[in-house]
Amino acid sequence: MDHHSTQHSVSVAGVIIDDQGRVLLTQRRDNGRWEAPGGILERDEDVTSGLLREVHEETGLQVEPIALTGVYKNMTHGIIALVFRCKVIGGRLTETDETRAFRWVTAEEVQELASEAFAIRVLDAMRHDQAPAIRSHDGVRLLRTM
């Protein structure tokens, strides 16, 4: 068995919510997709440090994580994503090598802009009254589990 094919990577994403209840989506430079800012954790960094680094690298913002809102597994690529609801505590939006545009959007706009697998992460984070979601997807669509 190929050892590398059995390993997973862990990513983090920050769903940043403003005072009007809108969320920040970033448009990726590499594929044009709209997503919450985030990325793969470095092997030697803890979850919170990785979240703060990734959000800052992609947006220029400093955030405070408020709650873990979901755990998502991309079954195709073996990526486990930890998603957190966050609030801005500093910085300013800045385009980067990874991000070409930003939009503050409503829940309805999230569903129009993002693929199902990424929209659900944001929608789950917008719900304040439930336990963290646990979901699987193929990179685009949610996979229904029993």
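Structure first, text after, so check above.
The written sequence of each chain sets the order in which its residues are numbered from 1. The predicted nature of this model means local features are confined to residues of pLDDT at least 70 and side-chain atom pairs, given and counted, to a pLDDT of 80 or more, with totals for whole chains, interfaces and linings taken over all residues. Water and hydrogen atoms play no part in the side-chain values, which are based on all heavy atoms of the structure.

Engineer: How would you explain the overall build of the protein chain if you had to name every residue and give the values?
Structural biologist: Helices and strands together make up the secondary structure of the protein chain, namely 3 helices and 9 strands. Strands here are runs of E lasting at least two residues and helices are runs of H or I lasting at least four, both read from the DSSP assignment and numbered beginning at the N terminus. Helices and strands in the protein chain line up, N terminus first, as β-β-β-β-α-β-β-β-α-α-β-β. With the C-alpha coordinates of the protein chain rotated into their principal frame, the extents come out at 50 × 35 × 30 Å. Burial classes: relative accessible area under 20% of the type maximum marks a residue as buried, over 50% as exposed, and values in between as partly exposed (1.4 Å probe, protein chains only). Looking at the protein chain as a whole, 44% of its 146 residues qualify as buried. By definition, residues are in contact when any of their heavy atoms lie within 4.5 Å. Nonlocal contacts in the protein chain, meaning residues at least 24 apart in sequence, comprise 64% of its contacts between residues at least 6 apart.

Engineer: Describe the pairing of strand β8 (residues 133–137), naming the residues involved and giving the relevant values.
Structural biologist: Strands qualify as paired when DSSP identifies two bridges or more between them. As paired strands, strand β5 (residues 61–74) and β8 are joined by 5 bridges and run parallel to one another. Looking across to β8, one finds that G70 is bridged to A133. Where β8 and strand β9 (residues 142–143) come together, 2 bridges link them in antiparallel fashion. Across the sheet, the residue bridging to S136 is L143, located in β9.

Engineer: Quick rundown of the sheet that holds strand β2 (residues 23–28)? Include the residues and the values.
Structural biologist: Taken together, 3 strands build an open sheet; the order of strands is β3-β2-β7 and the sheet is antiparallel. Two strands in the sheet have a free side with no partner beyond their single neighbour: β3 (34–35) and β7 (99–105). Sheet analysis places β2 next to β7, joined by 6 bridges and oriented antiparallel. For L24, the partnering residue across the bridge sits in β7 and is W104.

Engineer: Go over the pattern of salt bridges, please, and point to the residues and values.
Structural biologist: The salt bridge criterion pairs a side-chain nitrogen of Lys or Arg with a carboxyl oxygen of Asp or Glu, the two atoms within 4 Å. In this structure the tally under the stated criterion is 10 salt bridges. Between R29 and E95 there is a salt bridge, with its nearest N and O atoms 3.3 Å apart. Here the residue R29 occupies a position in the loop between β2 and β3, and E95 occupies one in the loop between β6 (79–91) and β7, the gap between them amounting to 66 residues. Overlapping salt bridges, with partners in common, bring together E42, E45, R53, E54 and E57 in one network.

Engineer: Lay out the sheet that holds β5 in plain terms, naming residues and giving numbers.
Structural biologist: Remark on secondary structure: sheet strands pair via backbone hydrogen bonds, oriented parallel or antiparallel. The 6 strands are arranged β4-β1-β6-β5-β8-β9 in an open sheet whose pairing can be described as mixed. Two strands in the sheet have a free side with no partner beyond their single neighbour: β4 (38–40) and β9. Set on the sheet, helix α1 (residues 47–59) makes contact with β1 (9–16), β4, β5 and β6; between it and β5 the angle comes to about 110°. Structural elements are reduced to axes, namely lines fitted to C-alpha atoms, with helices fitted over the stretch in contact, and the angle between N-to-C directions of any two is expressed from 0 to 180 degrees.

Engineer: I'd like a description of α1, backed by residues and values.
Structural biologist: Structural remark: α-helix, 3.6 residues per turn; residues separated by three or four positions point the same way. Multiplying one less than the number of residues by 1.5 Å gives the expected span of a helix. For α1, with 13 residues, the first-to-last C-alpha span of 18 Å sits near the 18 Å given by 1.5 Å per residue. Taken together, the buried positions of α1 are G50, L51, E54, V55, E58 and T59. What you see down the axis of α1 is that its buried residues fit within an arc of 130°, all on one side. Its buried side turned inward, α1 meets β1, β2, β4, β5, β6 and β7. Two N or O atoms count as a polar contact when they lie within 3.5 Å, although within protein this holds only if one can serve as hydrogen donor and the other as acceptor, and sequence-adjacent residues are included solely when both atoms are side-chain atoms. If you check the start of α1, you find a side-chain oxygen 3.1 Å away from the backbone N of T48, and it comes from D46. Of the residues flanking the end of α1, it is G60, one or two places downstream, whose phi is positive at about 85°. By definition, the arc is the one covered by directions from the helix axis to the C-beta atoms.

This is a description of form; function is not addressed.
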